[in-house]
Each structure stands twice: as C-alpha cells, then as structure tokens.
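Residue-level structure breakdown
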Amino acid sequence: MRMVLLAWVAGVWWLQQASALPTGQGFTVVVGIAGCVFVAGALRVIWAAGCPSSYARPWRAKIENRCRDGKAALTGGGAECPPVIAGASANSVWQRWSAVTVFALSAGVGGYAWAAYRAELRLGDSLPAALEGQDVLVTGVVTGLPVTTDDGVRFVFDVENAYAVGRGSVGLGGCDACGASSVCGNDDADAASLALTRHVGGDDSACGAVHVPKHIELVWPMRSPFGGNLARRSAVDLGVGVGDASKGASKGAGSRLPRAGERWRMPVRLKAPRGFANWHGFDAELLALIRGIRASGYVRTSFGKGALPSAARPRRLHEGPLPGYGFAAWRERLRDDLRAALEPSARYGGVLMALVLGERGDIADDDWQMFADTGVSHLLAISGLHVSLVAGAMAAMVGGLWRRASFARWRLPLWWPAPKAAAVAGLLAAVAYGAIAGWGVPVRRAVGMVAIVVLALLSGRFAAPSYALAWALAIVVALDPWAVVTPGLWLSFGAVAALVMAARRSDRALSKSSGRWGIAFGRRLATAARAQYAVTIGLIPLTLAWFGAVPLLGPLANAVAIPVMTLIVTPLALASLLLPSGLAHWALVVAHTVVVWLADWLATLAAQPWAVWRAPVAPLWAQTAAVAGVVVCLMPMPQWVPAARKWVISIRLAGVALMGPAALTSPQRPSVGEFRVTMLDVGQGNAVLVETATRTLLFDSGPPLGRRSDAGRRVIVPYLRSMGITRLDRLVVSHAHDDHFGGALSVLRAFPGAQVLSSLPDGHRVRRASTTHRTCLAGQQWQWEGITFRFLHPDKAALRNGWGGRSGPNSVSCVLRIENGRHSALLAADAESAQERTMVARYGRALRSDVLLAPHHGSSTSSTSAFVSAVSPTHVVFQTGYRNRFGHPKPAVVARYRAAGATLWQSVTHGGIRFSSAPDGMTAQAYRASYRRYWHAMSPDSS
C-alpha cells in the first residue's frame, strides 16, 4: 500500500514539472486504462479481504498458506478463495510484486491526471489580457486577514460582480448609460444610490459586465509610505466613501479600512500574477496559483493623479461579517485582541501572533533571518509539533476526566472506552487549531496523521507510523497538488520520516534497558538526542536543495528553543485566547518576555561567523545521492548485516559519503579566457553578473522593492549564494537612480569586501557603506584571466556637469565593456542620446559588441540609429518591469534593433538571461524557456 500511495504522490509531482498541461485523445485513453486497472485491482483486494487466509496478513502470507484446488488451505473447505492480485493467494512472489507494480503505475497515472484536472480548473479562472491595467469596478467580500505592508494594506477579495468602466477626463468615466437598474448597480433596494453618474467632461465610455477571477489580491495604497498607523487614518484621507450603503450601518463605518467579511464596491486596476524568473529564485507565480489568486492589483483611491469623484470612490456596502465569512472575521478579531493585549513596543509580538494564527507578516525581516540562521524558524509558525502538543494535551485531559465520569445511572467508561474518547477529543482539538492557523502544509500534515491514527484506533487496527505518514502525504497532495513542489511539505514530511527511522532504531535499545529512575532519565535523554540527530541529518539534503544553507548551530539552538517554545510560549499564547482580557495580557507578557530572552540568545549564536554553512545548490543527481545517504545513516540495520560494530560504522560512514557531493559540488565557472554574463530579472532596473574563471563583478543592483526590501536582498544575494559565489570582487553602481543602486546596501551587507566603482556623488549612502570606492572614468581598465574590462563613459567633463546639477544622473552613467578578443558585451546602463553620440565619436566601430544591455531600458531618448549601427549587437537585452509605467521598451527602439538583425531579449518575456562565451561562439540561455512550468504567464515574444 505504501508503494501505491507514493506512486500517487509521484504522479502529482510529475505533472508539476510539465511546461504545459496534457491534452489530446491519447492522454484520455491512458487515464481511462489506468483507471480501469486501478478499480479492478481495488475490487480484487476487497474481495480477497474476505478470505480467512488473507485477512490478517494479505501482503506477507507465505506460499504454503495459499489456496489450493480452489479451497482455502487454512479452513480446509468452505468458501472459495480467488487468486487475487494483492492477496495471499498470489501464485508467486514475483507475480505479487508485478501486480503491485501495475497497481502503483495506475495510481501514478491517476495522480498525474488528478493534478492536471485541478490545474485546469484553477488556470481556467484567469484575467483577460484586455483588462490588465484598465479601470474595473468590482463588488465582493473581503476574505482572510488584511495585512499591513510597505505599500499599504493587502487583502484577498472574493469578487461577486465586475464591470468595465471607461475613463474620462476626471479619472473614471460614467456608468449612467447602463442605468441604475442595470448591471452597474446592485440587486438590492439601494442600487440606485450606488450607481455611478456621468461627470462633465467624461467621454461616452461603455460600462458592462466583464469576467474577473473569483479570488483576487488587492492593495489599498496609502498616501505616504511614511504615514502613521494605517488603521487609524480618516475616511477622507483614505478615500473611503462615507455614505454607507447598508441599512443600519454605523455612522463611522466609513472611517475604517476593509475588514474580513465586509462587502465592498471598489474601482481597481488588475494584472495577471507575475514574478521574477531567475535560476534558484522564488516563484511568485506558483505561490499565487497555490493560494488561488489569479489576479492582483490596487484600489483606485482618491489621492494622487487622476483623483476620483466622490461617486466613484471605494464604498462599503455591508459591514459584515456576511454568511460564510464569519470565521475569517473572527480570526481578525482575535488578531486585534492580541495586538491590543500586547504593548506597542513588543518587538516579538509577531512571533506570538504566528503561533496562534499562523500569520507571520508582523515578524521583521532581520528577525526572520536570525531565526533561519539558527535553524529554529520552523518553531515560529504553527507546525506539526504544535498541533501534536494541542492534540495530546486535549486527549490527556479528556481521557482523565472520562475515566472518572461515573454517575449513578450513567458510566461513560462503560458506554465508550476512555482511550477512544480521548483520541476523538484530541482530533477535534487538532482540527480546531488547524482552522485557526489557516491550514498550512505542516498543519495539514499533522492533522492528517492524527486523523489516521485516531481512525485506526477506532477501527481496532494498528497504524504503523510509516503507513500513517504515507496516507497523510497522499491526502495532503490530493487536497493541494501544488504543495508537492513547495519546501514546506518536504521539510515537514522529511523531518517526520527521519524521526520514524530513528524511532525504529531506538526501540531495540530501549527494550534492552530497564531499572532505576536514573537509567530511565538517561534513556529519555538519549532518545531526545537521537531524535535531534535524526532531524538534523535528515534535513541536510533538503535544506541544501531549497536554501543552500545548513545552520551548524541548529542542534544546539533547537535543543533549547523546542522545549521553551513548545512547553512555555505556545501554551501561554494559546491560553490567552481563553482567558479574560486582564489575564490574557499577563499571559502574553510572560510569553513575550521568554521570547525576548530566547531571541537574544539566538542572536548571539547567529552572530558567530561559522553559524551557517552555505553551499551552492547541487545538481539533481547529488541531491538524490544525499537522500540515499540519509536513509543509510538512519535506517535500522537489516538482519543480514553482521552485528559487529565495525560493520555498522562502515555502513554509516558510507551514508555520510553519499551526502558529500550535495555539499561540495559547485556549479562550473567559465574556463580561463572566457566569461559569462547573467542578466537577472529584477523588474524595472539593471542587475548584471559577470563571471570569469575566478572573479565576479556585479553591474548595478536593481530597484528597491518597498520600504523594507530590495532586489539585492530578494534576488541578487540569493542567486549569488545558490551559485556558490562566496566573494564579490567588484560592484559597479552606474549612477544615482534607485533602479540601479536600490539593492546595493543589501549586497554590501552580504559581501562587505566588494570594491565599489560608481559615479555616485560624495555623501551618497552607498559610497559611505563601501569599504573601498573608486569613481568610474572613461579609459579605466583592468584584466581578469584574459578578460578585459574597460569603462567607456563618463569622462571628467560629464562628471563635473552631473555632480554640479547641470545634467541629470543619466548623463554620468558608467558604461562598461567586457571582451576577450573574440567576444564582447557592452553594459550601457542609462546612457542617453548625448552620451551615445560622445561614445560613437570617441570609439566608432570599436563599440562593436556581441551582447548589448540596451541603454535606458529601451527608452526613446536612447538607442539612436548611429549608436545601434556602431554597436551592431548580435543580442540586445531589455531589463524592464512588467507593464512598467514608462512603456519600456519603446516600439520604435525595438524595431530599430530588429532592423539591425539583433536577437531581442526581454526580462519580462524571458526572465533571467545568461550569455556564455566559448571558442565556438556565444551561447544564450533564457530561464523561462529552459525552466518553464505550466503556471508561468505567457508574454508576447519580442525576439
């Protein structure tokens, strides 16, 4: 059965590797055949279950217990026992395993088909391309917990109706052509008061019903990113319509931001889910698919350009909570109560909120990094450990009370056994906790395992841990097919699998020891140490594969953090939900104080230079070998292995050796005399990595991404570490525009020894953060392993004009050329037409390059005909953001390069783009083309 369940999971996983969903008659036929085989096999197994010889041990019955002459051998006559596929009457061992293999293959095809069906349903609810960036009026309900972010308040919105609205000279045009009783209004009696009216100067725009995905994610933007408490802004400041449409609404209803369970009407602008696409990078489009978010955008509020008239502003229609959304509203009230009970200065209040509600948005990024570096980040979310704690505590309490519930005429233990009552109570507690937590993957896994164990107990069957784990994995993957490609699932199940293997080894040792309390305590301590060892060893391949890092101090940190968080902090945080407000406040104060003490100690560990061992992401074969090594290290020794210590040690060392390639393998760097240029996808900005045989240079560092993050932190540093780059030799910051220096500080924090070359003025924060700085100047050059790097711009006159304010920052853009005598690349930053004319006059045909980073992202102020002719690029790359407000690259510029015979690449279309020089030519590779998955958005190819 385990093989069949794992085959189902493998089928689901295989579908997630597809670049497109399967279609055609052939696929339907294969699925049909596999389904028939699976159903036939299942029926035979059920029939075989009625045979006495196969009921108890259907998979391990011996050959001599088979049915002979159509009769059951053990019964000596009686019912006929059929030759079943998976039962004890199989003719031979190889036939039985052949049947199991066929059964498993059918399950695998079924998992593949099920995942394809679920994906087809979810992808079918997509945003039409014609509506991207257009004004749409949506009516619906706020669901989930609104979260405060850098750019405003983010929340999920369940759309009920959507209407396209034309735009006039005052922002949104009128809907009066539809009439108050038409689709522009609502079906209730207040529809007339909610209909938009025509405004003077508006055009004759149409207003009609359009299709918008059911689940969208919206941001309520704020006037200033440096404002105060977002939840306390006034209705006028937030652009909320003060006229509440619902009858009996409170007078101040319009003074609050959207809350869970409320119905709103909002003018929004939407786009399809998009994310950066880089090697070993975070897949935002996959996350959106997992969450069921098929469009995202922002609410059109009253401030900024094109302010909305009062009739078109966002309006609350019903305070709620509406039917079906009461639980989400209750969770939000719990969060508000937790925030009210905590002091405003409680730095780790977000940790307590994460333990109770599973919401981690209030944990600071620096704190997250510290917890990750010490290997305890799994304790900051509701994990299987916490679910098991809640279930176990409830089961123990109910079991104890149940045994003592004996009344005169009603004795509960006689009516129903106490162990079963305790098990059901524990399951109900686990389900309730999982619902409060939001049903993350670890929670679903833990609740699933608890449910399987409880069902086995109620049915009188023993559920081995491996069977419970396999069933839980299959159920989780069936409910959420995309969880199979997320790190949370594999880390969660990997940790439990390691514990199961370690427990099987420890059972033998525990069975041999007995005696005084000291011996018992030693046994318990040894068991805990063995469990920690098993989890540490078991998760090394997974953490290397997903994160490229292993916290070396993780075992020590977890030895303290697990009991503290599990036995003190989590119970106090949960108890605060049930206590009166005064007691709840003190429970949270004590819990927060303990977290502060723990965090200070963890920060001391994380500050050690050797706290984290980082390694590049290994190839698939090395990761597979590492998983096999973990199994060899943890599994119990087979009976045929001699019990001598030398044999056991040798086998364990062999397992450690199998893990070696995953930790030591590094991606291949260019050979001496060659170079590699990687244009990372960072949105609207530049970030180019240049590698030689032993040296690394980063040209620009991408844009800021909100107030607390940037491209350096989210894209560049993770990519450098995944490639095994431990030293950044030089960082070039072309000029003082934030889409070029936005991530520089994060890069310098990760690689403080990098030398900075830039045209930044004195006093700039990037110059102050660098240990060594040089101003880039035309004519400067150096060589690394036969590769020549040379600046072509700016000259001293351009620097004087730029720093003196007589010209903009683009005029001093550092332009860098890389060449090895056969191939070359030109990185033009934001050089404009004046700078292009200067370079053409100075260098002429010497500008000729194989690869060109298009000047100023393809702006119409750059890429003049003379410059394009002088460079004559074979490849030209536009690093731009999706639907960027500048319209880059401009169609005329694209046409100019296409006419010159260049191959065009856009980060929006192709993701990260990598060029490698070689003796036989320059090779190009685009991430989206090489690693495309069916959920990735399709963009028009401009190449």
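Presented here is an overview of the structure given in this document. By convention here, each chain's residues receive numbers from 1 onward along its written sequence. Local features in a predicted model are, by the rule used here, given only for residues with pLDDT of at least 70; side-chain atom pairs are given and counted only at 80 or more, and totals for whole chains, interfaces and linings are based on all residues. Based on all heavy atoms of the structure, the side-chain values leave hydrogens and waters out of the count.

Let's talk about the nonpolar core
For clarity, the threshold we go by: Take the buried residues of types Ala, Val, Leu, Ile, Met, Phe, Trp, Tyr and Cys, join any two whose side-chain atoms come within 4.5 Å, and each joined set is a nonpolar core. Note on exposure labels: buried denotes an accessible area under 20% of the residue type's maximum, exposed denotes more than 50%, and partly exposed covers the range between, all computed with a 1.4 Å probe on protein chains only. The helix and strand labels rest on DSSP assignments: H or I over at least four residues marks a helix, E over at least two residues marks a strand, and numbering proceeds from the N terminus. We call two residues contacting when some pair of their heavy atoms lies within 4.5 Å.
Core analysis: the biggest nonpolar cluster contains 47 residues, and Val351, Phe371, Met565, Val569 and Leu602 have the highest contact counts within it. Only α8 (326-341), α9 (349-357), α10 (365-373), α11 (384-403), α13 (418-437), α14 (441-459), α18 (554-575) and α19 (581-606) provide two or more residues apiece to this core. Looking at which element gives the most residues to this core, the answer is α19, with eight residues. Once you skip the residues sitting within four places of it in the chain, Val569 turns out to touch Leu352, Leu355, Val564, Ala591, Val594 and Val595. Grouped together as the second largest cluster of nonpolar side chains are 33 residues, Val12, Leu21, Ala115 and Phe493 included.

Details of the side chain of Arg274
For the record, the criterion: Positive charge is attributed to Lys and Arg, negative charge to Asp and Glu, and no charge count is given to His or to the chain ends. Definition used for salt bridges: Asp or Glu carboxyl oxygen within 4 Å of a side-chain nitrogen of Lys or Arg. For this analysis, a polar contact is any N or O atom pair within 3.5 Å, provided that within protein one partner can donate a hydrogen and the other can accept it, and provided that sequence-adjacent residues contribute only side-chain to side-chain pairs.
Within the secondary structure, Arg274 sits in the loop between β5 (263-271) and α7 (284-291). Within the buried set, Arg274 has no salt-bridge partner at all; the shortest N-O distance to an opposite charge, 4.4 Å, is to Glu285. There is a polar contact of 2.6 Å between the side chain of Arg274 and the backbone oxygen of Val908.

Some thoughts on the pattern of salt bridges
Going through the model one piece at a time under the given rule, you end up with 19 salt bridges. The salt bridge involving Arg347 is made with Asp367; its shortest N-O contact spans 2.5 Å. Here Asp367 lies in helix α10 and Arg347 lies in the loop between α8 and α9, a separation of 20 residues in the sequence. For Asp367, a relative accessible area of 3% translates into the label buried. In this structure, Asp366 and Arg713 form a salt bridge, with 3.4 Å as the shortest nitrogen-oxygen distance. Of this pair, Asp366 sits in helix α10 while Arg713 sits in helix α22 (residues 711-722), and the two are 347 residues apart along the sequence. For Asp366, a relative accessible area of 55% translates into the label exposed. Judged by relative accessible area, Arg713 falls into the partly exposed class, the value being 28%. Each of the salt bridges in this network shares a partner with another, and the network as a whole consists of Arg259, Glu332, Arg335 and Asp336.

Quick word on the sheet that holds strand β20 (residues 851-853)
Quick reminder of the rule: For two strands to be treated as a pair, DSSP must find no fewer than two bridges joining them. Convention adopted: a line fitted to C-alpha atoms gives each axis, helices being fitted over their contacting stretch, and angles between N-to-C directions are expressed from 0 to 180 degrees.
An order of β16-β17-β18-β19-β20-β21-β22 is seen for the seven strands of this open sheet, with the pairing classed as mixed. The open sheet has two free edges, formed respectively by β16 (781-784) and β22 (903-906), since each of these has just one partner strand. Between one strand axis and the next, the sheet turns by 15° as a mean value, whatever way the strands run. Pairing of strand β17 (residues 787-793) with strand β18 (residues 815-819), which is carried by five bridges, proceeds in the antiparallel orientation. Each bridged residue has a counterpart across the sheet, and for His793 the counterpart in β18 is Val815. Where helix α27 (residues 833-843) meets the sheet, it contacts β17 and β18, and its direction lies at approximately 125° from that of β17.

What to know about the environment of Phe276
Its location among the elements puts Phe276 in the loop between β5 and α7. As a C-alpha pair, Phe276 and Arg714 span 438 residues in sequence and 9.8 Å in three-dimensional space. When neighbours within four sequence positions are excluded, Phe276 is seen to be in contact with Phe282, Asp681, Val682, Gly683, Leu705, Arg714 and Val715.

Topic: the state of the cysteines
This is how it is decided: Throughout, disulfides are identified as pairs of cysteine sulfur atoms within 2.5 Å of each other.
This structure, assessed with the given rule, holds one disulfide. Residue Cys776 pairs covalently with Cys814 via a disulfide, S to S 1.8 Å. Around the S-S axis, the bridge from Cys776 to Cys814 shows a dihedral of about -50° and counts as left-handed. With Cys776 in the loop between β15 (773-775) and β16 and Cys814 in the loop between α26 (796-803) and β18, the pair connects residues that are 38 residues apart, well separated along the chain. The two residues Cys776 and Cys814 agree in class, both being buried.

Note that all results are geometric; they support no functional claim without further evidence.
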